[in-house]
Amino acid sequence: MTRLPSDNPATAREILAGRLQAWRASDFGISQCPVRSVLDRLGDKWTTLTLIALAQQPQRFSALCRAVPDISKRMLTQTLRDLERDGLITRQVFPTKPPSVEYELTPLGESLLGPLTVLIAWAESHQAAIADARVRYDATPLETA
């Protein structure tokens with residue numbers, strides 16, 4: 001796997017252009033790009049927050065409900081199922097009455113923490129610039145094509 005150097009945009013552009021060209025030339029074509037399904041999962045509204053909560057320690061459902069603000073029980077259940085399906089978390093049921101369930105990152109899920117930390121740091125440091133750009137864009141009339 002090639003690591004993108006964050007301090008050299010020109011090198012990153014070359015690497016990304018090569019990836020795009022390889023995907024276009026592959027048997028599956030650009031519409032079946034291997035990155036799409038992963039980014040769809042990570043781009044989900046609740047996935048990142050759930051992963052951050054589980055990065056601290058294994059947690060039970062009720063603790064995750066408290067740790068992820070504003071998430072409904074239904075959405076948390078769906079998010080956990082999706083993450084389990086993708087192999088990023090495990091679900092362990094304890095034989096108590098009523099049964100208790102604990103969720104934990106898998107080694108695959110833990111391997112995502114490094115890139116996720118970098119993305120979060122980037123978002124935090126650039127959030128103000130993005131907000132300013134949105135205000136400027138929204139204040140500009142759209143041109144018709």
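Residues numbered from 1 in each chain as written. Predicted model: local features only at pLDDT ≥ 70, side-chain atom pairs only at ≥ 80, totals over all residues. Heavy atoms only, no water.

With an unreviewed UniProt entry as reference, the protein is termed Transcriptional regulator, HxlR family, source organism Pseudomonas cuatrocienegasensis.

Asks: Looking at this structure, I do not really get the overall build of the protein. What am I missing?
Replies: Scanning the protein for helices and strands turns up seven helices and three strands. Its helices and strands in sequence order give the protein the pattern α-α-α-β-α-α-β-β-α-α, from N to C terminus. Taking all 145 residues of the protein together, 21% fall into the buried category. Within the protein, contacts between residues at least 6 apart in sequence are counted, and of these 37% link residues at least 24 apart. In the form shown here, the protein has an accessible surface area of approximately 11,000 Å², with 56% of it arising from carbon and sulfur atoms. (Helix = DSSP H or I, 4+ residues; strand = E, 2+ residues; numbered from the N terminus. Buried < 20%, exposed > 50% of the residue type's maximum accessible area, 1.4 Å probe, protein only. Contact = heavy atoms within 4.5 Å. Areas by Shrake-Rupley, 256 points an atom, 1.4 Å probe, with all protein chains shown as cover.)

Asks: What exactly am I supposed to notice about unusual backbone geometry here?
Replies: It is generally the case that most residues other than glycine have a negative phi and that most peptide bonds are trans. With omega at -10 degrees, the peptide bond leading from Lys 97 into Pro 98 counts as cis. Topologically, Pro 98 is positioned in the loop between strand S2 (89–94) and strand S3 (100–105). Phi at Asp 70 is positive, roughly 70 degrees, even though this residue is not glycine. Within the fold, Asp 70 resides in the loop between helix H4 (61–67) and helix H5 (73–85).

Asks: Help me understand the nonpolar core in this model?
Replies: Among soluble globular proteins, nonpolar side chains are generally buried collectively. If you look at the biggest cluster of nonpolar residues, it comprises 18 residues, and the most contacted ones within it are Leu 51, Leu 54, Leu 64, Leu 76, Leu 80, Ile 89 and Tyr 103. Mapped by element, the contributors of at least two residues to this core are helix H3 (47–56), H4, H5 and S3. Excluding anything up to four places from it in sequence, Tyr 103 contacts Leu 54, Pro 58, Gln 59, Phe 61, Leu 64, Leu 80, Ile 89, Thr 90 and Arg 91. (Core = buried A, V, L, I, M, F, W, Y, C linked by side-chain atoms within 4.5 Å.)

Asks: Would you mind showing me how to read the side chain of Gln 59 here?
Replies: On the secondary structure map, Gln 59 appears in strand S1 (residues 59–60). Take Gln 59: its relative accessible area is 10%, and that puts it in the buried class. Non-local contacts of Gln 59, meaning those with residues more than four positions away in its chain, are made with Ala 53, Leu 54, Leu 64, Val 101, Glu 102 and Tyr 103.

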